[in-house]
Amino acid sequence: MAESSGGALPAKVIFGKYELGRVLGRGASAKVYYARHIASGRSVAIKVFPKPRRPSSSGSSSSSSSSSSDSFIREIFALRLLRHPHIVRLHEVLASRSSVYLVLELAKGGELISRVHDRGRLPDDLSRRLFHQLLSAVSYSHSRGVFHRDLKPENLLLDDAGDLKVSDFGFSAVSSFSEDYLLHTQCGTPGYVAPEILVSRKGTTGYDGAKADIWSCGVILFVLNAGYLPFNDRNLVSLYRKIHRGHHRCPRWTQPDLRRLISRLLDPNPATRISVDGILRDPWFARDVDPDQLATMMRPQGSDAGLDDKPHRRRGGELNAFDLISFASGLDLSGLFVDAASDRVRFASVEPVDRILDRVEEVGKEEGLVLRREGEKGSAAVIEGHKGEFVLRLQVHRLTGGTAVVEVEVGSGSYGSFWNEKLRPVLRGPLHLGGLG
Ligand code: ATP
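This structure is a prediction, so every number in the text was calculated from the model and none was measured.

Visitor: What's the story with helix α7 (residues 256-265) in this structure? I'm lost.
Guide: Residues three or four positions apart in an α-helix share a direction because the helix packs 3.6 residues into each turn. Taken as a whole, α7 has its buried residues at Asp257, Leu258, Leu261, Ile262 and Leu265. Down the axis, α7 shows its buried residues gathered within 140 degrees of arc, on one side only. Turned more than 90 degrees off the buried face of α7, the exposed positions are Pro256 and Arg260. On its buried face, α7 sits against α3 (124-143), α5 (209-226), α8 (276-281) and α9 (283-286).

In C-alpha coordinates:
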(Lines give C-alpha, C1' and ligand atoms only; values in the text may rest on other atoms or scores of the structure.)
Protein backbone atom coordinates (compact mmCIF):
# COMPACT_ATOMS: atom_id res chain seq x y z
CA MET A 1 0.00 0.00 0.00
CA ALA A 2 1.46 3.36 -0.99
CA GLU A 3 1.84 6.08 1.58
CA SER A 4 -0.67 8.86 1.04
CA SER A 5 1.94 11.54 0.73
CA GLY A 6 3.65 11.13 -2.58
CA GLY A 7 2.25 7.70 -3.51
CA ALA A 8 0.75 7.23 -6.98
CA LEU A 9 -2.14 5.13 -5.68
CA PRO A 10 -5.11 6.88 -4.08
CA ALA A 11 -4.93 6.61 -0.28
CA LYS A 12 -7.39 4.32 1.45
CA VAL A 13 -9.57 6.25 3.90
CA ILE A 14 -10.98 4.35 6.88
CA PHE A 15 -13.94 5.45 9.01
CA GLY A 16 -13.93 8.67 7.00
CA LYS A 17 -11.16 10.02 9.23
CA TYR A 18 -7.80 8.30 8.63
CA GLU A 19 -5.78 7.94 5.44
CA LEU A 20 -3.89 4.64 5.59
CA GLY A 21 -0.34 4.67 4.28
CA ARG A 22 2.51 2.17 4.15
CA VAL A 23 2.97 -0.84 6.40
CA LEU A 24 5.28 0.05 9.30
CA GLY A 25 5.63 -3.48 10.59
CA ARG A 26 3.85 -6.70 11.26
CA GLY A 27 3.80 -9.10 14.17
CA ALA A 28 2.19 -12.41 14.97
CA SER A 29 -1.18 -10.88 15.74
CA ALA A 30 -1.42 -7.60 13.83
CA LYS A 31 -0.25 -5.39 10.99
CA VAL A 32 0.75 -1.80 11.71
CA TYR A 33 0.24 1.03 9.19
CA TYR A 34 1.34 4.60 9.00
CA ALA A 35 -1.78 6.79 8.85
CA ARG A 36 -2.81 10.43 8.80
CA HIS A 37 -5.70 11.85 10.78
CA ILE A 38 -7.43 13.84 8.04
CA ALA A 39 -8.97 16.57 10.23
CA SER A 40 -5.79 17.49 12.12
CA GLY A 41 -3.14 16.26 9.69
CA ARG A 42 -1.53 14.42 12.59
CA SER A 43 0.50 11.28 11.80
CA VAL A 44 -0.41 8.15 13.74
CA ALA A 45 0.23 4.40 13.65
CA ILE A 46 -2.78 2.12 13.20
CA LYS A 47 -2.49 -1.45 14.43
CA VAL A 48 -5.00 -3.67 12.65
CA PHE A 49 -6.11 -6.96 14.24
CA PRO A 50 -8.40 -9.43 12.51
CA LYS A 51 -11.68 -9.39 14.37
CA PRO A 52 -12.19 -12.29 16.74
CA ARG A 53 -14.98 -14.83 16.33
CA ARG A 54 -18.13 -14.08 18.26
CA PRO A 55 -18.40 -15.79 21.61
CA SER A 56 -20.19 -19.11 21.36
CA SER A 57 -22.79 -20.00 23.94
CA SER A 58 -20.24 -22.20 25.68
CA GLY A 59 -17.80 -19.35 25.71
CA SER A 60 -15.17 -21.55 24.13
CA SER A 61 -14.02 -19.19 21.39
CA SER A 62 -13.07 -16.56 23.93
CA SER A 63 -11.57 -18.60 26.64
CA SER A 64 -8.04 -19.04 25.40
CA SER A 65 -5.77 -16.52 27.06
CA SER A 66 -3.33 -16.73 24.18
CA SER A 67 -5.85 -16.04 21.41
CA SER A 68 -5.37 -13.01 19.20
CA SER A 69 -8.59 -11.49 20.53
CA ASP A 70 -7.12 -11.60 24.02
CA SER A 71 -3.99 -10.01 22.63
CA PHE A 72 -5.75 -6.87 21.42
CA ILE A 73 -8.04 -6.74 24.44
CA ARG A 74 -5.03 -6.94 26.74
CA GLU A 75 -3.29 -4.24 24.75
CA ILE A 76 -6.28 -1.91 24.81
CA PHE A 77 -6.85 -2.47 28.47
CA ALA A 78 -3.25 -1.84 29.45
CA LEU A 79 -2.72 1.17 27.20
CA ARG A 80 -5.93 2.74 28.36
CA LEU A 81 -4.54 2.74 31.90
CA LEU A 82 -1.19 4.17 30.93
CA ARG A 83 -0.19 7.71 30.06
CA HIS A 84 3.53 8.15 30.11
CA PRO A 85 6.08 9.90 27.87
CA HIS A 86 7.90 6.63 27.23
CA ILE A 87 4.89 4.43 26.53
CA VAL A 88 3.13 4.51 23.15
CA ARG A 89 -0.19 6.32 23.60
CA LEU A 90 -3.49 4.78 22.55
CA HIS A 91 -5.62 7.50 20.92
CA GLU A 92 -8.67 5.57 19.81
CA VAL A 93 -10.12 2.12 19.13
CA LEU A 94 -12.31 1.46 16.12
CA ALA A 95 -13.91 -1.68 14.76
CA SER A 96 -15.32 -2.79 11.43
CA ARG A 97 -16.98 -6.08 10.57
CA SER A 98 -13.63 -7.71 9.87
CA SER A 99 -11.00 -5.87 11.93
CA VAL A 100 -10.21 -3.97 15.09
CA TYR A 101 -8.06 -0.84 14.73
CA LEU A 102 -5.89 0.60 17.49
CA VAL A 103 -4.96 4.18 16.68
CA LEU A 104 -1.58 4.70 18.34
CA GLU A 105 0.98 7.42 18.78
CA LEU A 106 3.46 7.13 15.90
CA ALA A 107 7.00 6.21 16.92
CA LYS A 108 8.83 7.78 13.98
CA GLY A 109 12.28 6.47 14.87
CA GLY A 110 11.37 2.79 14.38
CA GLU A 111 12.64 -0.13 16.42
CA LEU A 112 15.50 0.24 18.88
CA ILE A 113 16.86 -3.13 17.82
CA SER A 114 17.62 -1.73 14.33
CA ARG A 115 19.85 0.92 15.94
CA VAL A 116 21.67 -1.78 17.86
CA HIS A 117 22.09 -3.84 14.68
CA ASP A 118 23.28 -0.80 12.69
CA ARG A 119 25.90 0.17 15.27
CA GLY A 120 26.80 -3.28 16.59
CA ARG A 121 26.20 -2.05 20.15
CA LEU A 122 25.35 1.22 21.85
CA PRO A 123 27.75 3.48 23.74
CA ASP A 124 27.43 3.49 27.52
CA ASP A 125 25.85 6.96 27.79
CA LEU A 126 23.17 6.18 25.25
CA SER A 127 22.45 2.79 26.87
CA ARG A 128 22.09 4.52 30.23
CA ARG A 129 19.73 7.21 28.86
CA LEU A 130 17.51 4.59 27.20
CA PHE A 131 17.63 2.37 30.28
CA HIS A 132 16.50 5.33 32.45
CA GLN A 133 13.56 5.83 30.13
CA LEU A 134 12.76 2.11 30.10
CA LEU A 135 12.83 1.88 33.87
CA SER A 136 10.69 4.98 34.20
CA ALA A 137 8.06 3.41 31.91
CA VAL A 138 8.25 -0.02 33.56
CA SER A 139 8.08 1.28 37.12
CA TYR A 140 5.15 3.54 36.17
CA SER A 141 3.31 0.60 34.54
CA HIS A 142 3.82 -1.50 37.65
CA SER A 143 2.48 1.32 39.80
CA ARG A 144 -0.69 1.14 37.67
CA GLY A 145 -0.88 -2.64 38.09
CA VAL A 146 0.26 -3.38 34.52
CA PHE A 147 2.99 -5.96 33.81
CA HIS A 148 4.26 -6.00 30.24
CA ARG A 149 5.62 -9.59 30.23
CA ASP A 150 7.15 -9.34 26.76
CA LEU A 151 9.79 -6.65 27.10
CA LYS A 152 12.45 -6.96 24.39
CA PRO A 153 14.24 -4.51 22.09
CA GLU A 154 11.78 -5.35 19.25
CA ASN A 155 9.02 -3.88 21.41
CA LEU A 156 10.99 -0.76 22.22
CA LEU A 157 10.41 1.94 19.61
CA LEU A 158 11.96 5.36 19.24
CA ASP A 159 10.41 8.73 18.49
CA ASP A 160 11.97 11.30 16.15
CA ALA A 161 14.11 12.66 19.03
CA GLY A 162 15.52 9.18 19.70
CA ASP A 163 13.56 8.80 22.94
CA LEU A 164 12.11 5.46 23.96
CA LYS A 165 8.48 4.37 23.50
CA VAL A 166 7.54 1.02 25.02
CA SER A 167 4.97 -0.73 22.82
CA ASP A 168 3.13 -4.02 22.25
CA PHE A 169 1.25 -4.73 25.47
CA GLY A 170 -0.45 -7.74 23.85
CA PHE A 171 0.93 -10.09 26.52
CA SER A 172 0.42 -7.76 29.43
CA ALA A 173 -1.44 -8.58 32.63
CA VAL A 174 -3.38 -6.09 34.68
CA SER A 175 -3.82 -6.77 38.37
CA SER A 176 -5.12 -5.25 41.52
CA PHE A 177 -2.67 -4.35 44.24
CA SER A 178 -3.46 -7.52 46.13
CA GLU A 179 -0.15 -8.40 47.79
CA ASP A 180 -0.36 -12.12 47.26
CA TYR A 181 -1.30 -11.71 43.65
CA LEU A 182 0.86 -13.86 41.41
CA LEU A 183 0.66 -14.56 37.69
CA HIS A 184 0.46 -18.01 36.17
CA THR A 185 0.35 -17.54 32.42
CA GLN A 186 3.44 -18.64 30.56
CA CYS A 187 4.31 -15.98 28.02
CA GLY A 188 7.12 -13.87 26.63
CA THR A 189 9.84 -14.50 24.11
CA PRO A 190 12.53 -17.18 24.59
CA GLY A 191 15.78 -15.42 25.37
CA TYR A 192 14.07 -12.60 27.27
CA VAL A 193 11.82 -14.55 29.54
CA ALA A 194 12.53 -14.87 33.28
CA PRO A 195 13.34 -18.36 34.64
CA GLU A 196 10.38 -18.35 37.02
CA ILE A 197 7.98 -17.89 34.07
CA LEU A 198 9.40 -20.99 32.40
CA VAL A 199 8.41 -23.17 35.36
CA SER A 200 5.14 -21.40 36.13
CA ARG A 201 1.90 -23.15 35.37
CA LYS A 202 -1.49 -23.55 36.99
CA GLY A 203 -1.15 -25.26 40.35
CA THR A 204 2.27 -23.77 41.12
CA THR A 205 2.70 -20.68 43.23
CA GLY A 206 2.96 -18.40 40.21
CA TYR A 207 5.38 -15.55 39.60
CA ASP A 208 5.69 -11.90 40.40
CA GLY A 209 5.02 -9.95 37.17
CA ALA A 210 7.15 -7.00 38.31
CA LYS A 211 10.21 -9.15 38.98
CA ALA A 212 9.75 -10.93 35.64
CA ASP A 213 9.74 -7.55 33.82
CA ILE A 214 12.91 -6.55 35.70
CA TRP A 215 14.63 -9.69 34.39
CA SER A 216 13.68 -8.72 30.82
CA CYS A 217 15.07 -5.22 31.46
CA GLY A 218 18.33 -6.96 32.39
CA VAL A 219 18.37 -8.86 29.10
CA ILE A 220 17.67 -5.62 27.22
CA LEU A 221 20.48 -3.77 29.02
CA PHE A 222 22.85 -6.61 28.18
CA VAL A 223 21.82 -6.47 24.49
CA LEU A 224 22.30 -2.68 24.31
CA ASN A 225 25.79 -3.00 25.75
CA ALA A 226 26.93 -6.21 24.07
CA GLY A 227 24.99 -6.22 20.78
CA TYR A 228 23.93 -9.83 21.35
CA LEU A 229 21.78 -11.87 23.74
CA PRO A 230 23.07 -13.07 27.13
CA PHE A 231 21.31 -16.43 26.73
CA ASN A 232 21.25 -18.02 23.33
CA ASP A 233 21.03 -21.55 22.04
CA ARG A 234 19.41 -23.17 19.01
CA ASN A 235 18.18 -25.90 21.26
CA LEU A 236 15.28 -24.66 23.38
CA VAL A 237 16.00 -27.05 26.26
CA SER A 238 19.64 -25.90 26.45
CA LEU A 239 18.47 -22.28 26.23
CA TYR A 240 16.07 -22.75 29.14
CA ARG A 241 18.80 -24.48 31.13
CA LYS A 242 21.10 -21.47 30.62
CA ILE A 243 18.34 -19.09 31.67
CA HIS A 244 17.67 -21.12 34.81
CA ARG A 245 21.29 -20.94 35.82
CA GLY A 246 21.44 -17.24 34.94
CA HIS A 247 24.94 -17.82 33.57
CA HIS A 248 25.92 -15.08 31.18
CA ARG A 249 29.22 -13.62 30.12
CA CYS A 250 29.55 -9.89 29.56
CA PRO A 251 31.87 -8.76 26.74
CA ARG A 252 35.30 -7.45 27.67
CA TRP A 253 34.28 -3.80 27.14
CA THR A 254 31.52 -3.91 29.79
CA GLN A 255 32.47 -1.65 32.73
CA PRO A 256 32.71 -3.40 36.15
CA ASP A 257 29.82 -1.39 37.64
CA LEU A 258 27.61 -2.23 34.67
CA ARG A 259 28.58 -5.91 34.98
CA ARG A 260 27.45 -5.79 38.59
CA LEU A 261 24.11 -4.25 37.72
CA ILE A 262 23.50 -6.75 34.91
CA SER A 263 24.24 -9.67 37.21
CA ARG A 264 21.80 -8.30 39.80
CA LEU A 265 19.12 -7.90 37.11
CA LEU A 266 19.80 -11.39 35.75
CA ASP A 267 19.58 -13.04 39.14
CA PRO A 268 17.62 -16.27 38.51
CA ASN A 269 16.12 -16.05 41.99
CA PRO A 270 13.28 -13.49 41.84
CA ALA A 271 13.40 -13.08 45.63
CA THR A 272 16.96 -11.73 45.57
CA ARG A 273 16.74 -10.05 42.14
CA ILE A 274 17.22 -6.29 42.30
CA SER A 275 14.03 -4.20 42.61
CA VAL A 276 13.24 -0.85 40.99
CA ASP A 277 14.32 0.94 44.18
CA GLY A 278 17.59 -0.97 44.15
CA ILE A 279 18.21 0.00 40.52
CA LEU A 280 17.64 3.68 41.34
CA ARG A 281 20.46 3.49 43.89
CA ASP A 282 22.79 1.56 41.61
CA PRO A 283 26.07 3.46 40.85
CA TRP A 284 26.02 2.75 37.09
CA PHE A 285 22.35 3.74 36.79
CA ALA A 286 22.66 6.89 38.93
CA ARG A 287 25.91 8.12 37.38
CA ASP A 288 25.89 11.81 36.31
CA VAL A 289 22.27 12.32 37.40
CA ASP A 290 21.36 14.18 40.56
CA PRO A 291 18.74 12.53 42.79
CA ASP A 292 16.09 15.22 42.09
CA GLN A 293 16.53 14.77 38.36
CA LEU A 294 16.20 11.03 38.83
CA ALA A 295 13.05 11.41 40.92
CA THR A 296 11.47 13.63 38.22
CA MET A 297 12.47 11.15 35.58
CA MET A 298 10.86 8.29 37.45
CA ARG A 299 7.63 10.18 37.90
CA PRO A 300 7.20 12.41 34.85
CA GLN A 301 4.62 15.18 34.99
CA GLY A 302 1.19 14.39 33.66
CA SER A 303 1.75 10.63 33.81
CA ASP A 304 -1.55 10.02 35.46
CA ALA A 305 -3.62 12.80 33.94
CA GLY A 306 -7.23 11.89 33.44
CA LEU A 307 -6.99 8.22 34.24
CA ASP A 308 -9.57 6.38 36.23
CA ASP A 309 -8.76 3.85 38.90
CA LYS A 310 -11.52 1.34 38.28
CA PRO A 311 -9.37 -1.72 37.68
CA HIS A 312 -7.41 -1.17 40.89
CA ARG A 313 -10.57 -1.46 42.91
CA ARG A 314 -11.19 -4.93 41.58
CA ARG A 315 -10.33 -7.97 43.58
CA GLY A 316 -7.17 -9.81 42.50
CA GLY A 317 -6.97 -11.80 39.31
CA GLU A 318 -5.92 -11.43 35.76
CA LEU A 319 -8.30 -9.66 33.45
CA ASN A 320 -9.72 -11.71 30.67
CA ALA A 321 -10.94 -10.48 27.33
CA PHE A 322 -14.41 -9.55 28.41
CA ASP A 323 -13.46 -7.62 31.50
CA LEU A 324 -12.60 -4.94 29.01
CA ILE A 325 -16.22 -4.53 28.06
CA SER A 326 -17.00 -3.64 31.64
CA PHE A 327 -14.68 -0.68 31.44
CA ALA A 328 -15.30 0.18 27.84
CA SER A 329 -16.84 3.62 28.27
CA GLY A 330 -14.90 6.01 26.10
CA LEU A 331 -13.78 3.32 23.71
CA ASP A 332 -15.72 2.89 20.53
CA LEU A 333 -16.16 -0.86 20.54
CA SER A 334 -19.75 -0.64 19.45
CA GLY A 335 -19.05 -2.32 16.15
CA LEU A 336 -17.69 -5.28 18.05
CA PHE A 337 -20.24 -5.93 20.67
CA VAL A 338 -23.50 -4.35 19.58
CA ASP A 339 -25.29 -5.62 16.55
CA ALA A 340 -26.48 -2.37 15.03
CA ALA A 341 -28.66 -4.15 12.51
CA SER A 342 -30.93 -5.66 15.17
CA ASP A 343 -32.61 -4.68 18.43
CA ARG A 344 -29.93 -6.43 20.41
CA VAL A 345 -27.82 -5.29 23.32
CA ARG A 346 -24.77 -7.10 24.66
CA PHE A 347 -22.85 -6.31 27.77
CA ALA A 348 -20.49 -7.86 30.28
CA SER A 349 -21.27 -9.05 33.74
CA VAL A 350 -19.12 -10.25 36.60
CA GLU A 351 -22.02 -12.05 38.30
CA PRO A 352 -22.84 -15.76 38.12
CA VAL A 353 -25.32 -16.76 35.43
CA ASP A 354 -27.96 -17.83 37.96
CA ARG A 355 -27.76 -14.56 39.84
CA ILE A 356 -28.34 -12.59 36.65
CA LEU A 357 -31.34 -14.70 35.71
CA ASP A 358 -32.72 -14.50 39.26
CA ARG A 359 -32.73 -10.73 38.97
CA VAL A 360 -34.60 -10.93 35.69
CA GLU A 361 -37.08 -13.32 37.27
CA GLU A 362 -37.65 -11.01 40.25
CA VAL A 363 -38.45 -8.08 37.95
CA GLY A 364 -40.69 -10.25 35.77
CA LYS A 365 -42.66 -11.47 38.80
CA GLU A 366 -43.06 -7.94 40.18
CA GLU A 367 -44.56 -6.91 36.86
CA GLY A 368 -46.71 -10.03 36.70
CA LEU A 369 -45.16 -11.11 33.40
CA VAL A 370 -44.95 -14.58 31.91
CA LEU A 371 -41.43 -15.87 32.28
CA ARG A 372 -39.72 -19.13 31.40
CA ARG A 373 -36.15 -20.38 31.46
CA GLU A 374 -34.69 -21.90 28.34
CA GLY A 375 -31.44 -23.02 26.81
CA GLU A 376 -28.63 -25.23 27.91
CA LYS A 377 -28.67 -25.44 31.72
CA GLY A 378 -31.35 -22.73 31.80
CA SER A 379 -28.98 -20.03 30.62
CA ALA A 380 -31.70 -18.02 28.87
CA ALA A 381 -34.93 -16.39 29.97
CA VAL A 382 -37.92 -15.48 27.84
CA ILE A 383 -40.29 -12.82 29.11
CA GLU A 384 -43.67 -12.14 27.53
CA GLY A 385 -45.83 -9.07 27.99
CA HIS A 386 -49.28 -9.37 29.68
CA LYS A 387 -51.10 -9.48 26.41
CA GLY A 388 -48.33 -10.88 24.33
CA GLU A 389 -47.44 -7.34 23.19
CA PHE A 390 -43.71 -8.13 23.44
CA VAL A 391 -41.35 -11.02 23.81
CA LEU A 392 -37.92 -10.36 25.25
CA ARG A 393 -35.21 -12.99 25.22
CA LEU A 394 -32.20 -12.69 27.47
CA GLN A 395 -29.30 -15.10 27.01
CA VAL A 396 -26.29 -15.36 29.31
CA HIS A 397 -23.05 -16.69 27.81
CA ARG A 398 -20.71 -17.86 30.52
CA LEU A 399 -17.07 -17.01 29.88
CA THR A 400 -13.84 -17.65 31.74
CA GLY A 401 -12.86 -16.12 35.06
CA GLY A 402 -16.43 -15.65 36.33
CA THR A 403 -17.30 -13.28 33.52
CA ALA A 404 -20.42 -13.48 31.38
CA VAL A 405 -21.79 -11.75 28.32
CA VAL A 406 -25.50 -10.97 28.50
CA GLU A 407 -27.39 -10.64 25.27
CA VAL A 408 -30.86 -9.10 25.21
CA GLU A 409 -32.94 -9.55 22.11
CA VAL A 410 -36.48 -8.55 21.30
CA GLY A 411 -38.57 -11.22 19.60
CA SER A 412 -41.63 -9.22 18.65
CA GLY A 413 -43.60 -6.12 19.62
CA SER A 414 -42.46 -3.09 21.58
CA TYR A 415 -40.33 -4.00 24.55
CA GLY A 416 -38.77 -0.55 24.94
CA SER A 417 -40.44 0.64 28.12
CA PHE A 418 -40.09 -2.68 29.96
CA TRP A 419 -36.42 -2.95 29.05
CA ASN A 420 -35.52 0.68 29.63
CA GLU A 421 -37.59 1.37 32.74
CA LYS A 422 -37.70 -1.94 34.57
CA LEU A 423 -35.09 -4.44 33.57
CA ARG A 424 -32.17 -2.34 32.47
CA PRO A 425 -31.85 -0.32 35.73
CA VAL A 426 -31.77 -3.53 37.74
CA LEU A 427 -29.12 -5.09 35.55
CA ARG A 428 -27.09 -1.94 35.16
CA GLY A 429 -26.19 -1.48 38.82
CA PRO A 430 -24.50 -4.76 39.64
CA LEU A 431 -23.44 -5.52 36.10
CA HIS A 432 -20.89 -2.79 35.39
CA LEU A 433 -22.52 -1.99 32.09
CA GLY A 434 -19.82 0.46 31.04
CA GLY A 435 -20.48 2.46 27.90
CA LEU A 436 -22.26 -0.18 25.98
CA GLY A 437 -25.90 -0.59 26.68
P1 ATP B 1 4.05 -9.66 18.25
O2 ATP B 1 4.45 -10.59 17.15
O3 ATP B 1 5.21 -9.31 19.16
O4 ATP B 1 2.81 -10.08 18.98
P5 ATP B 1 2.33 -7.58 17.27
O6 ATP B 1 1.53 -8.36 16.28
O7 ATP B 1 1.67 -7.29 18.59
O8 ATP B 1 3.73 -8.28 17.54
P9 ATP B 1 3.74 -5.09 17.22
O10 ATP B 1 5.02 -5.67 17.73
O11 ATP B 1 3.02 -4.19 18.16
O12 ATP B 1 2.79 -6.22 16.61
O13 ATP B 1 4.01 -4.25 15.90
C14 ATP B 1 4.69 -4.81 14.79
C15 ATP B 1 5.69 -3.79 14.28
O16 ATP B 1 4.99 -2.61 13.83
C17 ATP B 1 6.67 -3.27 15.33
O18 ATP B 1 7.75 -4.12 15.47
C19 ATP B 1 7.04 -1.91 14.77
O20 ATP B 1 8.01 -2.04 13.77
C21 ATP B 1 5.75 -1.44 14.12
N22 ATP B 1 4.99 -0.59 15.05
C23 ATP B 1 4.16 -0.99 16.03
N24 ATP B 1 3.64 0.04 16.69
C25 ATP B 1 4.16 1.15 16.15
C26 ATP B 1 4.04 2.56 16.44
N27 ATP B 1 3.24 3.00 17.39
N28 ATP B 1 4.73 3.43 15.69
C29 ATP B 1 5.58 2.96 14.70
N30 ATP B 1 5.73 1.66 14.38
C31 ATP B 1 5.04 0.76 15.10
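Visitor: I would appreciate a short explanation of unusual backbone geometry in the present structure.
Guide: Across residues other than glycine, the phi torsion is negative in most instances, and most of the peptide bonds are trans. Even without being glycine, Asp168 reaches a positive phi, approximately 55 degrees. Among the structural elements, Asp168 can be located in the loop between β10 (164-166) and β11 (173-174).

Visitor: Looking at this structure, I do not really get the site of the ligand. What am I missing?
Guide: Lining the immediate environment of the ligand, one finds 19 residues, of which Ala28, Lys47, Glu105, Glu111 and Asp168 sit closest. At 3.0 Å, a side-chain N or O of Ser29 approaches an oxygen atom of the ligand. Ala30 is positioned such that a nitrogen or oxygen atom in its backbone is 3.1 Å from an oxygen atom of the ligand. Protein burial of the ligand: of its 620 Å² of free accessible surface, 88% is covered by the chains. Secondary-structure elements contributing two or more residues to the shell around the ligand are β2 (18-26) and β4 (43-50). Residue contributions to the shell around the ligand peak at 3 residues, all from β2.

Visitor: I tried to follow the pattern of salt bridges on my own but got confused; where do I start?
Guide: As a working rule, side chains carrying opposite charge can pair if their charged atoms are close by. Here the structure, examined in full by the defined rule, presents 20 salt bridges. Its salt-bridge partner being Glu19, residue Arg36 comes within 3.5 Å of it at the nearest N-O pair. Of the two residues, Arg36 is situated in strand β3 (residues 31-37) and Glu19 in strand β2; the sequence distance between them amounts to 17 residues. Because the salt bridges share partners, they merge into one network encompassing Asp354, Asp358, Glu361 and Arg373.

Visitor: Before we go on, may I ask you to explain the sheet that holds β4 in this structure?
Guide: Pairing is antiparallel across the open sheet formed by 6 strands, whose spatial order is β1-β2-β3-β4-β6-β5. The open sheet has two edge strands, β1 (12-14) and β5 (90-95), and neither has a second partner. Shown here is a sheet whose adjacent strand axes are inclined to one another by a mean of 40 degrees, direction ignored. Here β5 runs beside strand β6 (residues 99-105); their pairing, made up of 5 bridges, is antiparallel.

Visitor: Got a minute to help me understand the nonpolar core in this structure?
Guide: In terms of nonpolar packing, the biggest core is built from 73 residues, with Phe131, Leu134 and Val166 touching the most fellow members. Per element, the largest residue contribution to this core is 11 residues, and it comes from α5. Sequence-distant contacts of Leu134, defined by excluding residues within four places in its chain, comprise Leu151, Leu156, Leu164, Val166, Cys217 and Ile220. One finds Leu369, Val396, Trp419 and Leu427 within the second-largest nonpolar core, a separate group that totals 18 residues.

Visitor: How should I be thinking about the packing of aromatic side chains in this particular structure?
Guide: What describes a pair of aromatic rings is the distance from one ring centre to the other and the angle between the planes of the rings. Following the criterion strictly, the structure yields 5 aromatic pairs and no others. Summarising the aromatic geometry, the rings of Phe131 and Phe285 are spaced 5.9 Å apart at their centres and angled 80 degrees between planes, so their arrangement reads as edge-to-face. Here Phe131 is found in helix α3, whereas its partner Phe285 is found in helix α9, with 154 residues between them in sequence. Pair check on accessibility: Phe131 and Phe285 agree, each one buried. Their ring planes at 10 degrees and their centres at 5.5 Å tell us that Trp215 and Phe231 sit as a pair that is stacked. Here Trp215 is found in helix α5, whereas its partner Phe231 is found in the loop between α5 and α6 (236-245), with 16 residues between them in sequence. Given a relative accessible area of 0%, Trp215 falls into the buried group. Since its relative accessible area comes to 0%, Phe231 is described here as buried.

Visitor: Which parts of the structure should I look at to understand the side chain of Ser139?
Guide: Structurally, Ser139 is set in helix α3. On the accessibility criterion, Ser139 (18% relative accessible area) is buried. Beyond its immediate stretch of four places on either side in the chain, Ser139 contacts Val276 and Met298.

Visitor: What exactly am I supposed to notice about the sheet that holds β10 here?
Guide: Adjacent strands of a sheet form backbone hydrogen bonds with each other and so pair up, either parallel or antiparallel. An order of β7-β9-β10 is seen for the 3 strands of this open sheet, with the pairing classed as antiparallel. Bordering the open sheet on either side are β7 (110-111) and β10, each of which pairs with just one other strand. Summarising the sheet, strand β9 (residues 156-158) and β10 pair through 3 bridges and their orientation is antiparallel. Following the sheet pairing, Leu157 is matched in β10 by Lys165.

Visitor: Please clarify how the pairing of β2 should be interpreted in this entry.
Guide: The side chains of a regular strand alternate, first on one face of the sheet and then on the other. Across 3 bridges, the pairing between β1 and β2 is antiparallel. Its bridge partner being in β2, Val13 is matched across the sheet by Glu19. Between β1 and β2, which pair antiparallel one after the other, the connecting turn spans 3 residues, and Phe15 there sits at a positive phi close to 55 degrees. Where β2 lies against β3, 6 bridges are found, and the strand directions are antiparallel. When the sheet's bridge partners are listed, Glu19 is paired in β3 with Arg36. Between the antiparallel neighbours β2 and β3 lie 4 residues.

Thresholds applied
- Residues numbered from 1 in each chain as written.
- Predicted model: local features only at pLDDT ≥ 70, side-chain atom pairs only at ≥ 80, totals over all residues.
- Heavy atoms only, no water.
- Buried < 20%, exposed > 50% of the residue type's maximum accessible area, 1.4 Å probe, protein only.
- Helix = DSSP H or I, 4+ residues; strand = E, 2+ residues; numbered from the N terminus.
- Arc of directions from axis to C-beta.
- Contact = heavy atoms within 4.5 Å.
- Near = heavy atom within 4 Å.
- Polar contact = N/O pair within 3.5 Å; in protein donor to acceptor, adjacent residues only side chain to side chain.
- Areas by Shrake-Rupley, 256 points an atom, 1.4 Å probe, with all protein chains shown as cover.
- Salt bridge = Lys/Arg side-chain N within 4 Å of Asp/Glu carboxyl O.
- Pairing = 2+ DSSP bridges.
- Axes fitted to C-alpha atoms, helices over the stretch in contact; angles between N-to-C directions.
- Core = buried A, V, L, I, M, F, W, Y, C linked by side-chain atoms within 4.5 Å.
- Phe/Tyr/Trp six-rings, centres within 6.5 Å; stacked < 30°, edge-to-face > 60°.

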